[in-house]
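Each chain, written out:
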Amino acid sequence: MTFAAQFLKQARVMTADLRHRQIIRTALRNYEIVRDQRKAAFQSWESARQAAAETKWEAVNHLDKYLEQFVAKLEARGTKVHWASTGAQASEIILQIVREKKARSVIKSKAMTSEEVHLNDALEKAGLEVVESDLGEFIMQLRHETPYHIVFPSMHLTRGEIRELFQKELGDAPSDNPEDLTLVARRVLRKKYVQADLGITGANFAIAETGMVSITENEGNARLTAALPKTMITLLGIEKVLPRLEDLALFLPMLATVGAAQLISGYNTLYSGPRQPGETDGPEEWHVVLLDNRRTALLADAEQRDALHCIRCGSCLNVCPIYRNVGGHTYGTTYCGPIGAVITPHLRGLRDWKHLAYASTLCGACAEACPVKIDLHHRLLQTRRNSVQAKPRWWEKLAFKGFAVIANRRPLWRYLITQGGRLGQRFHPLVKGTRLDPAYAWTKTRELPPIAPQSFKEWWRNRS
Amino acid sequence: MSERENILTRVREALTVSTPKPGAKQPCKAASATRDFRSLLPAVGATYEEQLALFRANSADLKTDFYCVKDVEAVKAQLASWRDSEKWRRIASHAGSLTEAVSSSLGLPVCRTDAAYSTVELEASDIGLTECDALIAQTGSVLITNRSAGGRALSVLPPHHIVLARRNQLVSGLPEAFQLIKEKYGSNYPSMISFITGPSRTGDIERILVLGAHGPKKLTIFLLE
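Residues numbered from 1 in each chain as written. Chains lettered and ligands numbered in written order. Predicted model: local features only at pLDDT ≥ 70, side-chain atom pairs only at ≥ 80, totals over all residues.

## Let's talk about the interface of chain A and chain B
Convention followed: The contact criterion used here is simple: two residues whose C-beta atoms, placed from the backbone, lie within 7 Å are in contact. A run of H or I in DSSP counts as a helix once it spans at least four residues, and a run of E counts as a strand once it spans at least two, with each numbered from the N terminus. Any residue that is not Ala, Val, Leu, Ile, Met, Phe, Trp, Tyr, Cys, Pro, Asp, Glu, Lys or Arg is counted as polar, Gly included; the first ten are nonpolar and the last four charged. For two strands to be treated as a pair, DSSP must find at least two bridges joining them.
Contacts between the two partners involve 84 residues from chain A, matched on the other side by 70 residues from chain B. Here the side of chain A that touches chain B takes nine residues from helix H3 (residues 45–61) of chain A, the largest share from any one element. In terms of residue class, the side of chain A that touches chain B is made up of 41 nonpolar, 27 polar and 16 charged. Bridge count between strand E9 (residues 267–271) of chain A and strand E9 (residues 192–196) of chain B: five bridges; the pairing is antiparallel. In the strand pairing of E9(B), Tyr267(A) is matched with Ile196(B).

Here it is as structure tokens:
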């Protein structure tokens, strides 16, 4: 089955799942209210978006300069920097470090890049114990599922389901109270922290000016991952750079505002090296792996380049009517929702993933929500155009030619949409909802509104 | 050619085609951008009293326990009473004029993290007592570094983090905090700089707030007048 067919099949199931819809709505209700309050507290949210967009534009459009600056600063303080063109290379680099260190257990804090390169599979195949420490990611790991959402990985699960999961997998679930369940995970994971030989993190921002990696989190799990194991590895995409340290004064509160409706996230931490002389803890070695994995292909598409501005806040997912109904797993991608639909065709190939561009109402809610002003719905429209140009379908071309003939002749157009439409609707019930119905795609689940007996123009002409 | 060169070459090739600045092509005038982030971010009062009030309000929101006290004696008294009521058996701390004065007064074994220490011992400590670099009114955050606050783990491993701050350490916002970091450390940055905002938290189960996910369940800040 093609990815497109899989998407359609899964979407059909999910859109009819009212329970799922209710869970997502409940999970996001409070977020929506508080997010808007937090936005309103900015002296100018719109100007902040513009400033953020310009800062990211500057970084992405001088990526070579800022990457070299970032790496030079990092290396000067003893950090080992690796470059990976592909996901497989990134995994191989990390496996090499694991073998060198003779590591047996790995603790991970949340990293979407590691999902992208399927790092856990590679590590487990090599015989390592890999544990996700972010609570949501830990839950998804126990369920052998991919994250449902970029920021809220287990948003689609109820406390009852999580309790059952913990009972089955950990043999410990005192109640379905979220506090008790969190405590169970805390206890299990604390042990893993103390044992782990190696810690792996992702990153939110890379500061070129000072050679620092900025990690945003709420639980303290990334702090522990960067404090206890002897070796630390950070895997990040090359597009994460920001020019200056002060840029974080803008990006940290913006990310928290739209990401999780917070003033600022619980822990925002900057790392600029492994343990330095005179410091008493932290890793002895720090490896930073810079991942391309076709980000340069997206960079080369000047028209869609601004998709690299994305800071992975997930706010476009939260407002997307498609995401909210088909759910995160239907996409079958690492990055789902509108931003996933824009970047996946670049990262994994247009031919297999162009269908995602059609999973949009083009309502523009995503572009409006984006803190760095990525013009998401226009990017989706461009992907549609590109996919049609790459392989046009003869009957679509013909249909649009026919449409142009009618739409360019006003009397004909007017006649067809009034008289013609009414005539058609009179006979419609004969075939309605059957395969013979030309509007079957619409009418199998929906009603077509009847055309008014009098159009506005007719009324206007005939008014006394 | 190394992968570094491969990637940088692809980046440079891609950038031979330029893109307009955001908003340049929009028909209506885009909101103006400024590098003065202070004028965009949530407002902070100009006076010390306003900033203190904002820090207090943010702390209440974040479930941080925030106390303004007269001097170090008041902290000692408060901690002694918690030592008895919560039956502390061991504390963890680091070198510092405030931390040492307080930790030595409690009469408990102290796990010091500014020399080689055992993680197991630190984990078994009831509190982590640290100083800080700044408190930030705009966000209710504590700014620490591994140099000012006894390493990377002390402020995150024990279940209760207690911060001692001086009156002049309160700054208005994040732009000021980054300025402070640059002025204080020059180019010799500590390898970890962390903005701690409230106790450790998670919302991963039904988006319901739970405190004490991996880090401290409690965060207490004393501001010494």
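Now, onward.
## Notes on the sheet that holds strand E7 (residues 231–237) of chain A
Residues and elements named next belong to chain A. Test applied: Convention adopted: a line fitted to C-alpha atoms gives each axis, helices being fitted over their contacting stretch, and angles between N-to-C directions are expressed from 0 to 180 degrees.
Strands sit in the order E1-E10-E7-E4-E2-E3 across an open sheet of six strands; the sheet is parallel. In the strand order of this sheet, the two ends are held by strand E1 (80–84) and strand E3 (129–132), each with one partner. Across the sheet, the mean angle from the axis of one strand to that of its neighbour is 20°, orientation sign disregarded. Strand direction decides the pairing type here: E7 and strand E10 (residues 285–291), joined by seven bridges, are parallel. Paired with Leu235 across the two strands is Val289, which belongs to E10.

## Re the packing of helix H16 (residues 337–348) of chain A against helix H19 (residues 376–390) of chain A
Residues and elements named next belong to chain A. Rules: When describing relative orientation, an angle under 35 degrees is termed roughly parallel and one over 145 degrees roughly antiparallel, while 65 to 115 degrees is termed roughly perpendicular and anything else oblique. Each helix crossing is assigned a hand: it is left-handed if the near helix lies turned anticlockwise from the far helix by less than a right angle, otherwise right-handed if that turn is clockwise.
The contact between H16 and H19 brings their axes to 9 Å, and the two run at 40°. Viewed along their axes, H16 and H19 adopt a mutual orientation that is oblique. For the crossing formed where H16 meets H19, the hand is left-handed. Of the residues in H19, those in contact with Pro338, Ile339, Ala341, Val342 and Pro345 of H16 are Leu376, Arg379, Leu380 and Thr383.

## Remarks on the domain arrangement of chain A
Applied cut-off: Note that the domain bounds were set by an automatic or database domain assignment.
Its domain assignment divides chain A into domain 1 (42–293), domain 2 (314–390) and domain 3 (395–462). Averaged C-alpha coordinates put domain 2 of chain A and domain 3 of chain A at centres separated by 30 Å.

## What about the pairing of strand E7 (residues 160–166) of chain B?
Residue and element names in this part refer to chain B. Convention followed: Our exposure labels follow a C-beta count within 10 Å of each residue's own C-beta, placed from the backbone: buried means 20 or more other C-beta atoms, exposed means 12 or fewer, and partly exposed covers the counts in between.
Of all seven residues making up E7, six are buried, and the element is well covered by its neighbours. Where strand E4 (residues 127–130) meets E7, three bridges bridge the pair, whose relative direction is parallel. Along E7, the bridge assignment pairs Leu129 with Ile162. Pairing geometry for E7 and strand E12 (residues 218–224), over seven bridges, is parallel.

## Quick notes on the sheet that holds E12(B)
All names here are of chain B. Within the open sheet, the six strands sit side by side as E1-E12-E7-E4-E2-E3. Their pairing is parallel. What marks the edges here is a single partner per strand, and that holds for strand E1 (65–69) and strand E3 (110–112). Along the sheet, successive strands turn relative to each other by an average axial angle of 20°, direction set aside. Bridge count between E1 and E12: five bridges; the pairing is parallel. Bridge pairing in E12 links Tyr67 to Phe222.

## Here's the deal with the confidence of the model for chain B
Applicable threshold: On a range of 0 to 100, pLDDT expresses the predictor's confidence in each residue.
Of all residues in chain B, 96% have pLDDT values of 70 or greater, and the mean over the chain is 95. This complex was scored by the predictor with a pTM of 0.93 and an ipTM of 0.96.

## Some thoughts on the environment of Leu123(A)
Residue and element names in this part refer to chain A. With respect to the helices and strands, Leu123 occurs in helix H7 (residues 119–125). Through-space distance from the C-alpha of Leu123 to that of Thr361 is 39 Å; in sequence the pair is 238 residues apart. Those residues in contact with Leu123 that sit more than four places away from it in its chain are Val98, Val106, Leu128 and Val130.

## Re H19(A)
All names here are of chain A. Here is the rule we go by: Any helix carries an expected span of 1.5 Å times its number of residues minus one. Throughout, the arc means that of the directions going from the helix axis to the C-beta atoms.
The first and last C-alpha atoms of H19 sit 21 Å apart over 15 residues, in line with the 21 Å expected at 1.5 Å per residue. For H19, the full list of buried residues reads Leu376, His377, Arg379, Leu380 and Thr383. Buried residues in H19, looked at end-on, bunch into an arc of 155°, giving them a common side. Among the exposed residues of H19, those oriented more than 90 degrees off its buried face are Arg385 and Gln389.

## As for the nonpolar core
We apply this condition: Any set of buried Ala, Val, Leu, Ile, Met, Phe, Trp, Tyr and Cys residues joined through C-beta atoms within 7 Å is what this text calls a nonpolar core.
If you look at the biggest cluster of nonpolar residues, it comprises 181 residues, and the most contacted ones within it are Leu63(A) and Phe251(A). Top element by residues in this core is helix H12 (residues 248–260) of chain A. It accounts for ten residues. Split by domain, this core shows at least three residues from each of two domains, domain 1 (42–293) and domain 2 (314–390) of chain A. Leave out the neighbours within four places in its chain, and Leu63(A) touches Ile238(A), Val241(A), Leu299(A), Val11(B) and Leu15(B).

## Notes on helix H9 (residues 159–170) of chain A
All names here are of chain A. Compared with the 16 Å implied by 1.5 Å per residue over twelve residues, the 15 Å span of H9 between its first and last C-alpha is a close match. Taken residue by residue, H9 has Ile162, Arg163 and Phe166 as its buried positions. Down the axis, H9 shows its buried residues gathered within 105° of arc, on one side only. Exposed positions of H9 whose direction lies more than 90 degrees from the buried face are Gly160 and Lys168. Structurally, H9 contributes buried residues whose contacts are with helix H8 (135–142) and helix H10 (178–195). Backbone geometry just after H9 places Gly171 at a positive phi near 65°.

## A look at unusual backbone geometry
Residue and element names in this part refer to chain B. Phi at Lys63 is positive, roughly 65°, even though this residue is not glycine. Note on placement: Lys63 falls in the loop between helix H2 (48–62) and E1. Given 14 C-beta atoms within a 10 Å radius, Lys63 is considered partly exposed.

## Details of the environment of Trp88(B)
All names here are of chain B. Tracing the sequence through the fold places Trp88 in the loop between helix H3 (72–85) and strand E2 (91–93). Sequence spacing of Trp88 and Leu41 is 47 residues, and the spatial spacing of their C-alpha atoms is 41 Å. In this structure Trp88 touches Arg83, Leu108, Asp126 and Ile127, once residues within four positions along its chain are discounted.

## Some remarks on the pairing of strand E6 (residues 141–145) of chain B
All names here are of chain B. Of all five residues making up E6, five are buried, and the element is well covered by its neighbours. Neither face of E6 is exposed, since Ser141, Leu143 and Thr145 on one face and Val142 and Ile144 on the opposite face are all buried. Sheet analysis places strand E5 (residues 134–136) next to E6, joined by three bridges and oriented antiparallel. Looking at E6, one finds that Ile136 is bridged to Ser141.

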